[in-house]
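Understanding the architecture of this molecule
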Amino acid sequence: MLSISHGLTGALIASKIPNPYISVPLVLLSHYIEDRVPHWDIGQGLSKKDKSKKIAFLQELFVDFPLSILAVFLVFQVGRPFNWAAWLGWFIALLPDFLEFPYLFLNMKFFPIKQLANLHKWAHRSTPDKLWGLLPQLLVILLVLLLK
Ligand SMILES: [Zn+2]
C-alpha cells in the first residue's frame, strides 16, 4: 500500500498500545496484512517495466513519503506534545518498504536484504486498477480517523 496508509496504521496502533513489545510486532504485521489486500501503489508497473525505477523512486521520495509524514503530523501530532509513539509506529510501519529499497533501487541482492524483499514480494498483492486499488486505502485512512 501507499506509505500514507501504512504510516497512519502504524501511528494508530503504536498510539493505542503503549507497550512497544506488543505494538512494534503488531505494526510490522499490519504492513504485511495491508499489502496482502490488492492495492495500487507507487511501485505499480515496475515489474512489467511500464514505469521506470527512477520515476517510481522520485514519486515515492517527493509525493508518497512526505504525504505520510504530513498525514501522521496532522492526525496524531497537531496540538499535542511530541507523540513519540505515533512516530515510532509510522517508522516501523514503513520499515518493510525501507528495507526493500536497497534491493529494488540499488540492486543489492544479498542476505538478508534479498530474503526480506522476497517476504515482502510474497505478501504483496497489487492491482493496476487505481479505483479498486485506492479504495481499500481510503477505507484504512477513514478507519484511522475514526479510531484515533
Ligand atoms: Zn509494503
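Refer to the structure presented above.
Since we're looking at a predicted model, the values are computed, not measured.

1. A look at the overall build of the protein
For the protein, the count of helices and strands is six helices and zero strands. When the elements of the protein are put in sequence order from the N terminus, they spell out α-α-α-α-α-α. On C-alpha atoms alone, the protein measures out to a radius of gyration of 15 Å, which is about the 15 Å that the 2.2 N^0.38 rule sets for 148 residues. Overall size of the protein, expressed as C-alpha extent along the three principal axes, is 45 × 35 × 25 Å. In the protein, buried positions account for 32% of the 148 residues. For the protein, the share of sequence-separated contacts (at least 6 apart) that also reach a separation of at least 24 residues comes to 74%.

2. Points about the nonpolar core
By size, the foremost hydrophobic cluster in this structure holds 23 residues, and its most contacted members are Leu-8, Ala-11, Ala-14, Val-27, Val-72, Ala-86 and Trp-90. Broken down by secondary-structure element, the contributors of at least two residues to this core are helix 1 (3–16), helix 2 (20–36), helix 3 (53–77), helix 4 (84–105) and helix 6 (130–147). The element that contributes the greatest number of residues to this core is helix 4, accounting for seven residues. Leaving out residues up to four positions away in the same chain, Leu-8 has contacts with Ala-71, Val-72, Val-75, Ile-141 and Val-144.

3. Side note on unusual backbone geometry
In the segment running from Phe-111 into Pro-112, the intervening peptide bond is cis, with an omega of -5°. By the secondary structure assignment, Pro-112 is in the loop between helix 4 and helix 5 (113–123).

4. Looking at the environment of Gly-45
Examined against the element boundaries, Gly-45 turns out to sit in the loop between helix 2 and helix 3. Residue Gly-45 is classed as partly exposed on the basis of its 15 C-beta neighbours within 10 Å. A C-alpha to C-alpha distance of 9.5 Å links Gly-45 and Thr-127, two positions 82 residues apart in sequence. Residues contacting Gly-45, with those up to four places away along its chain left out, are Asp-50 and Lys-51.

5. Quick word on the environment of Val-75
By the secondary structure assignment, Val-75 is in helix 3. For Val-75, a count of 19 C-beta atoms within 10 Å puts it in the partly exposed group. It is 7.8 Å that separates the C-alpha atoms of Val-75 and Lys-148, two residues lying 73 residues apart in sequence. With near-sequence residues (within four places) excluded, Val-75 lies in contact with Leu-8, Val-144, Leu-145 and Lys-148.

6. Considerations on the packing of helix 1 against helix 2
Closest axis-to-axis distance for the helix 1/helix 2 pair is 9 Å, and the angle between their directions is 150°. Comparing their axes, helix 2 and helix 1 come out roughly antiparallel. Handedness of the crossing formed by helix 1 with helix 2: right-handed. Facing helix 1, whose interface residues are Ser-5, His-6, Thr-9, Gly-10, Ile-13 and Ala-14, helix 2 presents Ser-23, Leu-26, Val-27, Ser-30, His-31 and Glu-34.

7. Side note on the packing of helix 3 against helix 4
It is at 11 Å that the axes of helix 3 and helix 4 come closest, and there the two elements cross at 175°. By the angle class used here, helix 3 and helix 4 are roughly antiparallel. On the side of helix 3, the interface is formed by Lys-53, Phe-57, Ser-68, Val-72, Phe-76 and Gln-77, while helix 4 contributes Ala-86, Trp-87, Trp-90, Leu-104 and Phe-105.

About the thresholds
- Residues numbered from 1 in each chain as written.
- Predicted model: local features only at pLDDT ≥ 70, side-chain atom pairs only at ≥ 80, totals over all residues.
- Helix = DSSP H or I, 4+ residues; strand = E, 2+ residues; numbered from the N terminus.
- Rg over C-alpha atoms; globule rule 2.2 N^0.38 Å.
- Buried ≥ 20, exposed ≤ 12 C-beta atoms within 10 Å, placed from the backbone.
- Contact = placed C-beta atoms within 7 Å.
- Core = buried A, V, L, I, M, F, W, Y, C linked by C-beta atoms within 7 Å.
- Axes fitted to C-alpha atoms, helices over the stretch in contact; angles between N-to-C directions.
- Parallel < 35°, antiparallel > 145°, perpendicular 65-115°, else oblique.
- Left-handed = near helix turned anticlockwise from the far one by under 90°.

Honestly, that's just the spatial picture; any functional story needs more than this.
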